[in-house]
Amino acid sequence: MQVRSLGQENPLEKEMTTHSSILAWEIQWTEESGGLQPMESPRVGHGLVTKRQQYLPPRTRQLNGTCDISVDMELFLHYSLIPSFFIILVLSFLQRREQHRERDDTYLLRNHFGMIVPLDFVGTFSNRWSYGVAFGATANKIMFLFSEGYQPLLVPQWAQAFVLLIGGIEVGLSHFPFFACLSSEFGLVSSVLGFSYSLVWFVVTTLYIIQCPHGQFVGNYETVMFYWPSLLCLAFLLGRFLHIFVKSLRVHLGWELQMEEKPFLEVHQAEHVKRLLRKYPLQERNKSWFQTRIYEWDPYFQFPSRMIGTIVLAFICLYLFIVIEFCVFVYVRDELDVFEGELESYITSMNQTGSPVLLQVKELINITKEVWVVTILPASLTCVSYLFHILACYRKHIKRLWAGDKHFLPLKFHNPSSSESVVAIARYSGWQIAYILWGYLIIHVMQSLCGLAIMYSLVLPVIHHQALEMLRGLGIGILTVSIVLGLMVLQVWIATSFFLQPKMGTDDKQKPLALNNRRAFHNFNYFLFFYNVLLGLGACLSRLFISCVLGTWLIARIDRTILQSGYERADMGFSAWIGMLYVDHYHTNPVLVSFCHILITSHRERRLQQTIKYWYLNQSAGPRLSARSRTRWLLLQTLINNPELVRLRKSRPGLGSQEFTQILLTCSES
């Protein structure tokens, strides 16, 4: 989005335009004296005041003109790649490669420069909230990409996807040190690097907020409203890295024992398997209403770090999206105020006063603004409840898969493609956040339309002293619908009473599907055939209405498809959800992980026993024997105990093998 500023260019124009372009609305205001710069506090240029600024409060105009910015957040994002690459290089040098070729030993690098893993998206259950907060620190930049504000190069429209891909990679590289330092095995070095990098981001963000705390739409502390979640996440990371440094330093000085390496089998997974092996009690304990209807905590289940990070980032992005939407609403509201003023001036110039059209337009604008503001809360609460519900559905679905139950899935998803599942786990987190954001906007629009319908059908008639007419129309409508529903219920009652045979047993819940009074039944069908044609029209419209309402209401939920049976594969979000579930099921199933843990532990124990046995042989008292002599002695003992192996040995001429074999055969026969 290109917008002209008043006077000289603000260095934060690229960064702050995301707040108004997030809804993909191009807000442009062009006049003879200049234009409007969105979502930032522009500097005072030539003292020009546009017609729109006349309708702004004086305090807001004053705040907008006292901003002196020396920090460009987008430019800082580019330059942050330099320390990011340095940190990645240091951690990669410390990381040893587990598998390397023998010829690499002749080189200077040896087995250094291993691959750094920022986060295990499949099997990480430790340090989950730290990873979630690290994801939260990226929220502002993700919203920047979400608004397609990342355009460092002028490229044609068809190449925008590549530009956004480059922007995503750049944001990932700039925040890579947060995750790499949290997951690194080298606590001292990684904590120092992570603390320094987080401190730089914290200082730059704080400096940016201090220099320009106010904004043009919300007014006081508008920038603080946008950046306080990132500041809070960065402050948490500073404390976390400080804690890692202190703990690593105590281990290095010998004040604490070295922590064991990451266990292959987590504690909650082992406890889950133990619970499966225990006999269930005959009587289950009583559950509260909250445990039955809302959520029941399971001590033997933990959400992976990917789910925690997704939910934390979704919460912060949803908050930023709501604030940005409100800023856009403020802008549109001011534009509507300008439109009302110009309309009044036009009508006054035409010597027309009190035009009914003008009053109706004003009433529509005012009601729309009020309804839009009021529905922000229910729309946001709906999306917040969806985020919690997604966690509950994830636990329920993954437990069903662990138990081998796939009946809750469509038949086409019982055996998904392995490649699609691997891609799905990479897509899920990003798609879930995008679905929540767009779902909030769609739900907000739908609730606003419902609010307008309620206002015009129920509230405004009362305000305009037309309550009796409203009640009369409402009563006629309710009566009509009641009669239609009553006739439908009457058809069911007649069919139950006259056209079905009696129950065959006293314990039957309903009558059997066996016709009775066939002649009357055929006449019943014939005469109702023509009426049901008309009734079917209303049923079709109700089907369309219910589908639209449920589709828009559930659009933010990836865990449930909104398409009909047989068309589920066309729902890409639901496919990503199913693929993610299968990857977690195959890689984090507690029974499978426990079995692999037993195999690995048994293999290690056998190797340890063999090592101890040979260590005792090497440390035995007396003269030392070479390994070759000991091997020959063991071979001789084996051949004496197993004479049948003597005939199977290959003899070598000239080395006395035949005489040796003959001696062994003689000894074995005697």
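What counts as what
Residues numbered from 1 in each chain as written. Predicted model: local features only at pLDDT ≥ 70, side-chain atom pairs only at ≥ 80, totals over all residues. Heavy atoms only, no water. Helix = DSSP H or I, 4+ residues; strand = E, 2+ residues; numbered from the N terminus. Buried < 20%, exposed > 50% of the residue type's maximum accessible area, 1.4 Å probe, protein only. Areas by Shrake-Rupley, 256 points an atom, 1.4 Å probe, with all protein chains shown as cover. Expected span 1.5 Å × (residues − 1). Contact = heavy atoms within 4.5 Å. Bend = angle between axes of the 7 residues up to and from the residue. pLDDT = per-residue confidence, 0-100. Polar contact = N/O pair within 3.5 Å; in protein donor to acceptor, adjacent residues only side chain to side chain. Salt bridge = Lys/Arg side-chain N within 4 Å of Asp/Glu carboxyl O. Axes fitted to C-alpha atoms, helices over the stretch in contact; angles between N-to-C directions. Parallel < 35°, antiparallel > 145°, perpendicular 65-115°, else oblique. Nonpolar A, V, L, I, M, F, W, Y, C, P; charged D, E, K, R; others polar. 1 Å grid on protein atoms, 1.4 Å probe; cavity = no way out; pocket = protein on both sides within 12 Å on 5 of 7 lines; lining within 4 Å. Points joined across faces, edges and corners; volume = space filled by probe spheres on them. Patch = residues over 30% accessible without salt bridge, like charges linked within 9 Å, V, L, I, M, F, W, Y side chains within 5 Å.

Some points on the overall build of the protein
- Of the regular secondary structure elements, the protein holds 23 helices and two strands.
- Looking at the protein as a whole, 38% of its 670 residues are labelled buried.
- By element, 64% of the accessible surface of the protein is carried by carbon and sulfur atoms, the whole surface being about 41900 Å².

A few points about helix H18 (residues 467-498)
- Taking 1.5 Å of rise per residue, the 32 residues of H18 would be expected to cover 46 Å, and the 45 Å separating its terminal C-alpha atoms lies within 8% of that figure.
- Listing the buried residues of H18 in full gives Met 470, Gln 491 and Ile 494.
- Those residues of H18 that are buried are in contact with helix H17 (418-463) and helix H19 (518-553).

Some details on helix H11 (residues 222-252)
- For H11, with 31 residues, the first-to-last C-alpha span of 46 Å sits near the 45 Å given by 1.5 Å per residue.
- Taken as a whole, H11 carries its principal kink of about 45 degrees at Trp 228; the proline Pro 229 stands between one and four residues after it.
- Remark: Gly 254 follows H11 within two positions and exhibits a positive phi of approximately 85 degrees.

A closer look at the confidence of the model for the protein
- Per-residue confidence for the protein averages 79 on the pLDDT scale, and 78% of its residues sit at or above 70.
- This model gives residues 1-65 a pLDDT under 50, and the stretch forms 150 contacts once residues within four places in sequence are excluded.

Here's the deal with the environment of Ser 594
- Mapped onto the elements of the fold, Ser 594 is located in helix H21 (residues 590-618).
- With sequence-adjacent residues up to four places away left out, Ser 594 is seen in contact with Leu 265, Gln 269 and Val 273.
- Polar contacts involving the side chain of Ser 594 include one to the main-chain carbonyl oxygen of Pro 590, which spans 2.7 Å.

Brief notes about the pattern of salt bridges
- The tally for this structure, following the rule as stated, stands at seven salt bridges.
- Across the pair Asp 584 and Arg 306 runs a salt bridge whose closest N-O atoms are separated by 2.3 Å. Separated by 278 residues along the polypeptide, Asp 584 in helix H20 (residues 572-588) and Arg 306 in helix H14 (residues 305-349) bring together distant segments of the chain. Assigned by exposure class, Asp 584 and Arg 306 land together as buried.

Considering the environment of Gln 269
- With respect to the helices and strands, Gln 269 occurs in helix H12 (residues 267-277).
- Here Gln 269 falls in the buried class, since its relative accessible area comes to 3%.
- Gln 269 sits 325 residues away from Ser 594 along the chain, and the two C-alpha atoms are 7.6 Å apart.

Some details on the packing of helix H6 (residues 128-136) against helix H9 (residues 176-183)
- For the pair H6 and H9, interaxial distance at closest approach is 9 Å and the crossing angle is 170 degrees. Taken together, the axis directions place H6 and H9 in an arrangement best described as roughly antiparallel. Contact residues: Ser 130, Tyr 131, Ala 134 and Phe 135 in H6; Phe 178, Phe 179, Leu 182 and Ser 183 in H9.
- Among the residues making up the contact of H6 with H9, the classes are represented as six nonpolar, two polar and no charged.

As for empty space enclosed by the protein
- Inspection of every chain in the model, using the stated rule, returns four cavities of 30 Å³ or more.
- Volume-wise, the largest cavity comes out at about 90 Å³.
- Forming the boundary of the largest cavity are Met 73, Ala 137, Asn 140, Lys 141, His 175, Phe 178, Trp 201, Thr 205, Tyr 227, Ser 230 and Leu 234.
- At the level of elements, helix H7 (139-146), helix H10 (187-211) and H11 are the ones that each hand at least two residues to the lining of the largest cavity.
- Ranked by the residues each element gives to the lining of the largest cavity, the list is headed by H11, at three residues.
- A per-class count over the lining of the largest cavity returns six nonpolar, four polar and one charged.

Comments concerning a nonpolar patch on the surface
- Judged by side-chain polarity, Ile 454, Leu 458, Leu 468, Leu 471, Leu 474 and Ile 478 come together as a nonpolar surface patch covering roughly 560 Å² of accessible area.
- Considering every element that reaches the nonpolar patch, the biggest residue donor is H18, with four residues.
- Tracing the backbone shows Leu 458 in helix H17.

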